[in-house]
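Reading the structure
As a plain string of letters, each chain reads:
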Amino acid sequence: MNIFSDRIKNLQPSIIREMFKFAADPSVISFSAGNPAPESFPKEKIAKISADILSQEPVAALQYSISEGYPKLREWLKADMQKKEIFNPNGDELIITAGAQQVMELTTKTICNETDAIICEAPTFIGSLNSFRSYNAKLVGVPMDDAGINPELLDRALTLNPRCAFIYLIPNFQNPTGKTMSLERRKEVLELAYKHNVMILEDDPYGELRFDGADIPPIKALDKKGHVIYAGTFSKTMAPGLRVGYMVGPADIVNKAVAALQTSTVHTNIWAQMLVWRFVSQTDFGAHIESLRELYKRKCSLMLNSLKFSMPMSITFTEPQGGLFIWGSLPHGELDTFCRAAIERKVAIVPGNAFLVNESERSLDFRLNFSTPSEEQIEKGVEILSSVAKLFY
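Reference entry: report on the structure contained in this document. Quick caveat, the model's predicted, so the values are computed rather than measured.

Notes on the sheet that holds strand 6 (residues 164-169)
Sheet architecture is open: eight strands sit in the order 2-9-8-7-6-3-4-5, paired in mixed fashion. Only two strands of the sheet have a single partner each, and these edge strands are strand 2 (92-97) and strand 5 (148-149). Examined bridge by bridge, strand 7 (residues 199-203) and strand 8 (residues 228-233) share four bridges and lie parallel to one another. Each residue of the ladder has a partner; that of Leu-201, found in strand 8, is Ile-229.

Structure, rendered in structure tokens:
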């Protein structure tokens, strides 16, 4: 008996989530996760704030709350984002979500009909791809270069897919490639959205984690016509287990997303929202962010330097200016064989085809995460990975 809906029957678990099961083995060095560094969590401050909330406002923290989100956190975010020109008080609205992942789901649920196209960078974040797939969207991947999504190919994809719900982009330290979209490219992409009258969903989970180079304005900050929905999160700046993110965009879309949210989670965990608000407003949040940047700069530099020193020169790597990921590219051969050989030696990496619209496409790329492993594990893992690479290159 076929008991599954058409929307879900072909949906497969995320390969990243499945690899967590393998990486749970303490003998495995995981370069496959997308997790923040465990040492980055402000555990003591979170414990104190949580105790204060439960002693001072227990009913507010444990009772049902409003769907749009904890008012004090929403107002703090609006003020903070107005300074960054991401929030326009004359046209935008903001709601709190269960992480940025829920923004992908809500946006798709709100503005995408079945078989509408969603145009994505190729490669892109597998969690978002699965969210889009769950609504029977037509996924269209557009290749990237070092400046971001290719504008000529994007224009062509938009022309060939007039029923396009939105363009999905991760401009800052992209997952999985670590690349950053240039300012000029952001302007080009926005102009194409205007030309084809299509929305952009800008996913920015890593924007605060820049550790090299100059800040580049989000696409949302460049948008003067209400064509950009912005997804942010505290998962990478506080802790992902809190599941607190936010959606900013044109008020009519965000208000409709509130109705969509009420059919699933009703509202985001209110205790977690109260905790986040107290943390960002009552501690030195700027100093905390700076400590994260220093941590990730050190770990990224360690992994890149280790790779350059020990890996065959024919294997190339991106050099991210922030975020959590490095993207490796093999010159030839079979990626699956390479990844399996690494796993057999207890180093987990993610094959690049996992991030493509069509996972059966051939890929010679792989993703490495430098935030989760310890510095000792980075050095040991790269040493093992290089010994694998020298078997083939």
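Quick notes on the packing of helix 2 (residues 43-56) against helix 11 (residues 270-282)
Between helix 2 and helix 11, the least distance of the axes is 10 Å, while the angle of their chain directions is 120 degrees. Classified by the interaxial angle, the pair formed by helix 2 and helix 11 is oblique. Judged by the sense of rotation from one axis to the other, the crossing of helix 2 with helix 11 is right-handed. Here Lys-45, Ile-46, Ile-49, Ser-50, Asp-52, Ile-53 and Gln-56 of helix 2 come into contact with helix 11, specifically with Trp-271, Met-274, Leu-275, Arg-278 and Phe-279.

A word on the environment of Tyr-393
By the element assignment, Tyr-393 lies in the segment after helix 14 (375-392). Distance in space between the C-alpha atoms of Tyr-393 and Gly-333 is 8.9 Å, their sequence separation being 60 residues.

Description of the packing of aromatic side chains
For any two aromatic rings, the description comes down to two numbers: the centre-to-centre distance and the angle of the planes. Overall, the coordinates contain 14 aromatic pairs when judged by the stated rule. Measuring from centroid to centroid gives 5.2 Å for Phe-132 and Tyr-168, while their planes differ by 75 degrees, and the two rings are edge-to-face. You can see Phe-132 sitting in helix 6 (residues 126-133) and its partner Tyr-168 sitting in strand 6, a full 36 residues away along the chain. Tyr-168 matches Phe-132 in its accessibility class, with the two residues each being buried. Measuring from centroid to centroid gives 6.3 Å for Phe-392 and Tyr-393, while their planes differ by 55 degrees, and the two rings are tilted. Between the NZ or CZ atom of Lys-225 and the centre of the ring of Tyr-194, over which it lies, the distance is 4.5 Å.

Here's the deal with the pairing of strand 6
Most of strand 6 is tucked away, with six of its six residues classed as buried. Across four bridges, strand 3 (residues 117-122) lies against strand 6 in parallel orientation. The residue of strand 6 that forms the bridge with Ala-117 is Cys-164. Looking at chain direction, strand 6 and strand 7 are connected through four bridges and run parallel. Bridge assignment links Leu-169 to a residue of strand 7, and that residue is Glu-202.

Points about the side chain of Asp-116
Tracing the backbone shows Asp-116 in the loop between helix 5 (99-111) and strand 3. If we skip the residues at most four places from it in the chain, Asp-116 touches Ile-111, Ala-137, Lys-138, Arg-163 and Ala-165.

Each value, and the rule that gives it
- Residues numbered from 1 in each chain as written.
- Predicted model: local features only at pLDDT ≥ 70, side-chain atom pairs only at ≥ 80, totals over all residues.
- Heavy atoms only, no water.
- Pairing = 2+ DSSP bridges.
- Helix = DSSP H or I, 4+ residues; strand = E, 2+ residues; numbered from the N terminus.
- Axes fitted to C-alpha atoms, helices over the stretch in contact; angles between N-to-C directions.
- Parallel < 35°, antiparallel > 145°, perpendicular 65-115°, else oblique.
- Left-handed = near helix turned anticlockwise from the far one by under 90°.
- Contact = heavy atoms within 4.5 Å.
- Phe/Tyr/Trp six-rings, centres within 6.5 Å; stacked < 30°, edge-to-face > 60°.
- Buried < 20%, exposed > 50% of the residue type's maximum accessible area, 1.4 Å probe, protein only.
- Lys NZ or Arg CZ within 6 Å of the ring centre and 35° of its normal.

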